[in-house]
Amino acid sequence: DAGITQSPRHKVTETGTPVTLRCHQTENHRYMYWYRQDPGHGLRLIHYSYGVKDTDKGEVSDGYSVSRSKTEDFLLTLESATSSQTSVYFCATRGYYQETQYFGPGTRLLVL
Amino acid sequence: QQQVKQSPQSLIVQKGGIPIINCAYENTAFDYFPWYQQFPGKGPALLIAIRPDVSEKKEGRFTISFNKSAKQFSLHIMDSQPGDSATYFCAATMTTGGAGNMLTFGGGTRLMVKP
């Protein structure tokens, strides 16, 4: 997984609670991405970062926020989790001169 | 709106068969088309990728065919093996889009290769 770790790997939470997922990379890649994976939808981009403190919205950003205070860490926060946010979340990274995105192992989130 | 449409959703072949997965895109500004392979419980991993200036690319048993005029591309797996059983995703991006090379994914194809 190209030096990418995600934590936690599994989480069960209740509707209305805040949740933060962490992505950590050791590749010194400039770009980092958060995707969610749902059956029939492939992977959809939530937010991405093009540098420390530089982030932008993706296709399905409503209900999510992100932060990147260090090159190696990219946090995804669900301010108030809803059942529709039950999904598998993947972090990905890409080097500045690369075309390929490398994916982490994923976090399986269940919102009850 | 899904800009990359992938078919079929699932596919079963016998060992040695040649499964073919098709993708169609809408945005003519896309200029990089990767395929990812995902095993259960794992993240997607790059399998092979193509740019629209070539019509075919081979890497081992995996071949991408690209039809720029039809805005379609496909993945062929030669001499398929049970170990190829996985979910395959096509994707597309604009490498010069200035928006972080965001990937747009197809919906995925679950492939099963029977022994």
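Structure report, in brief. (Residues numbered from 1 in each chain as written. Chains lettered and ligands numbered in written order. Predicted model: local features only at pLDDT ≥ 70, side-chain atom pairs only at ≥ 80, totals over all residues. Heavy atoms only, no water.)

### Examining the sheet that holds strand β7 (residues 62-67) of chain B
Residue and element names in this part refer to chain B.
Okay, so step 1: Read across the open sheet, the 5 strands follow the order β1-β3-β8-β7-β6; overall the sheet is antiparallel. Each edge of the open sheet is held by one strand with a lone partner, namely β1 (4-7) and β6 (56-59). Strand-to-strand twist across the sheet, computed as the mean angle between neighbouring axes with direction ignored, equals 15°.
Okay, so step 2: As judged from the 6 bridges shared by β7 and strand β8 (residues 72-77), these two strands associate in the antiparallel manner. Following the sheet pairing, Asn67 is matched in β8 by Gln72. (Pairing = 2+ DSSP bridges. Helix = DSSP H or I, 4+ residues; strand = E, 2+ residues; numbered from the N terminus. Axes fitted to C-alpha atoms, helices over the stretch in contact; angles between N-to-C directions.)

### A word on the sheet that holds strand β3 (residues 19-25) of chain A
Residue and element names in this part refer to chain A.
Okay, so step 1: The sheet built from 4 strands is open, its strands ordered β1-β3-β8-β7 with antiparallel pairing. Edge strands, defined here as strands with exactly one partner in the open sheet, are β1 (4-7) and β7 (64-70). Here the strands of the sheet are splayed against their neighbours by 20° on average, with no regard to which way each runs.
Okay, so step 2: Where β3 meets strand β8 (residues 73-78), 6 bridges bridge the pair, whose relative direction is antiparallel. For Val19, the partnering residue across the bridge sits in β8 and is Leu78.

### With respect to the pattern of salt bridges
Okay, so step 1: Applying the stated criterion across every chain, the model contains 8 salt bridges over all chains.
Okay, so step 2: Overlapping salt bridges bring together A:Arg22, A:Lys70 and A:Asp73 as one network. (Salt bridge = Lys/Arg side-chain N within 4 Å of Asp/Glu carboxyl O.)

### What to know about the environment of A:Lys11
All names here are of chain A.
Okay, so step 1: For Lys11, the position within the fold is in strand β2 (residues 10-13).
Okay, so step 2: Between the C-alpha atoms of Lys11 and Trp34, which are 23 residues apart in sequence, the distance is 17 Å.
Okay, so step 3: Dropping the residues within four chain positions of it, Lys11 is found in contact with Val19, Arg108, Leu109 and Leu110. (Contact = heavy atoms within 4.5 Å.)

### Section: the interface of chain A and chain B
Okay, so step 1: The interface is formed by 20 residues belonging to chain A together with 20 residues belonging to chain B.
Okay, so step 2: When chain A packs against chain B, close to 1,600 Å² is buried across both sides, 52% of that on carbon and sulfur atoms.
Okay, so step 3: Per-residue buried area on chain A facing chain B is highest for A:Leu43, A:Glu99 and A:Phe103; these three make up 32% of the total on that side.
Okay, so step 4: On inspection of chain A and its partner chain B, the count reaches 1 salt bridge.
Okay, so step 5: With its nearest N and O atoms 2.0 Å apart, the salt bridge here joins A:Glu99 to B:Arg51.
Okay, so step 6: Of the residues that constitute the side of chain A that touches chain B, the class distribution is 9 nonpolar, 8 polar and 3 charged. (Buried area = accessible area lost by both parts, 1.4 Å probe. Nonpolar A, V, L, I, M, F, W, Y, C, P; charged D, E, K, R; others polar.)

### As for the pairing of strand β9 (residues 86-92) of chain B
Residue and element names in this part refer to chain B.
Okay, so step 1: In terms of burial, β9 is a largely internal element, 7 of the 7 residues being buried.
Okay, so step 2: Going residue by residue along β9, you find Ala86, Tyr88, Cys90 and Ala92 tucked away on one face and Thr87, Phe89 and Ala91 tucked away on the opposite face as well.
Okay, so step 3: Where strand β4 (residues 33-38) lies against β9, 4 bridges are found, and the strand directions are antiparallel. Bridge pairing in β9 links Gln37 to Tyr88.
Okay, so step 4: Relative to strand β10 (residues 104-105), β9 is paired through 2 bridges, and the arrangement is antiparallel. Bridged to Ala92 within β10 is Thr104. (Buried < 20%, exposed > 50% of the residue type's maximum accessible area, 1.4 Å probe, protein only.)

### Points about a nonpolar patch on the surface
Okay, so step 1: On the surface, a nonpolar cluster with roughly 290 Å² of combined accessible area is contributed by A:Val12, A:Leu110 and A:Leu112.
Okay, so step 2: Among the residues examined, A:Leu110 registers a relative accessible area of 37% and is labelled partly exposed. (Patch = residues over 30% accessible without salt bridge, like charges linked within 9 Å, V, L, I, M, F, W, Y side chains within 5 Å. Areas by Shrake-Rupley, 256 points an atom, 1.4 Å probe, with all protein chains shown as cover.)

### Observations concerning the environment of A:Pro105
Okay, so step 1: Within the fold, A:Pro105 resides in the loop between β10 (102-103) and β11 (107-111).
Okay, so step 2: Along the chain, A:Pro105 and A:Glu79 lie 26 residues apart, while their C-alpha atoms are 23 Å from each other.

### A short note on the state of the cysteines
Okay, so step 1: Counting across every chain of the model gives 2 disulfides over all chains.
Okay, so step 2: A disulfide bridge connects A:Cys23 with A:Cys91, and the sulfur atoms are separated by 1.9 Å. Its torsion about the S-S bond being -70°, the disulfide of A:Cys23 and A:Cys91 is classed as left-handed. Highlighted residues: A:Cys23 in strand β3 and A:Cys91 in strand β9 (residues 87-94), separated in sequence by 68 residues.
Okay, so step 3: The buried category is assigned to A:Cys91, whose relative accessible area is 0%.
Okay, so step 4: The side chain of B:Cys23 participates in a disulfide bridge whose partner is B:Cys90; the two sulfur atoms lie 1.9 Å from each other. The sign of the -95° torsion about the S-S bond sets the B:Cys23-B:Cys90 disulfide as left-handed. With B:Cys23 in strand β3 (residues 20-25) and B:Cys90 in strand β9, this pair connects stretches of sequence that are 67 residues apart. The same class applies to B:Cys23 and to B:Cys90, which are both buried. (Disulfide = S-S within 2.5 Å.)

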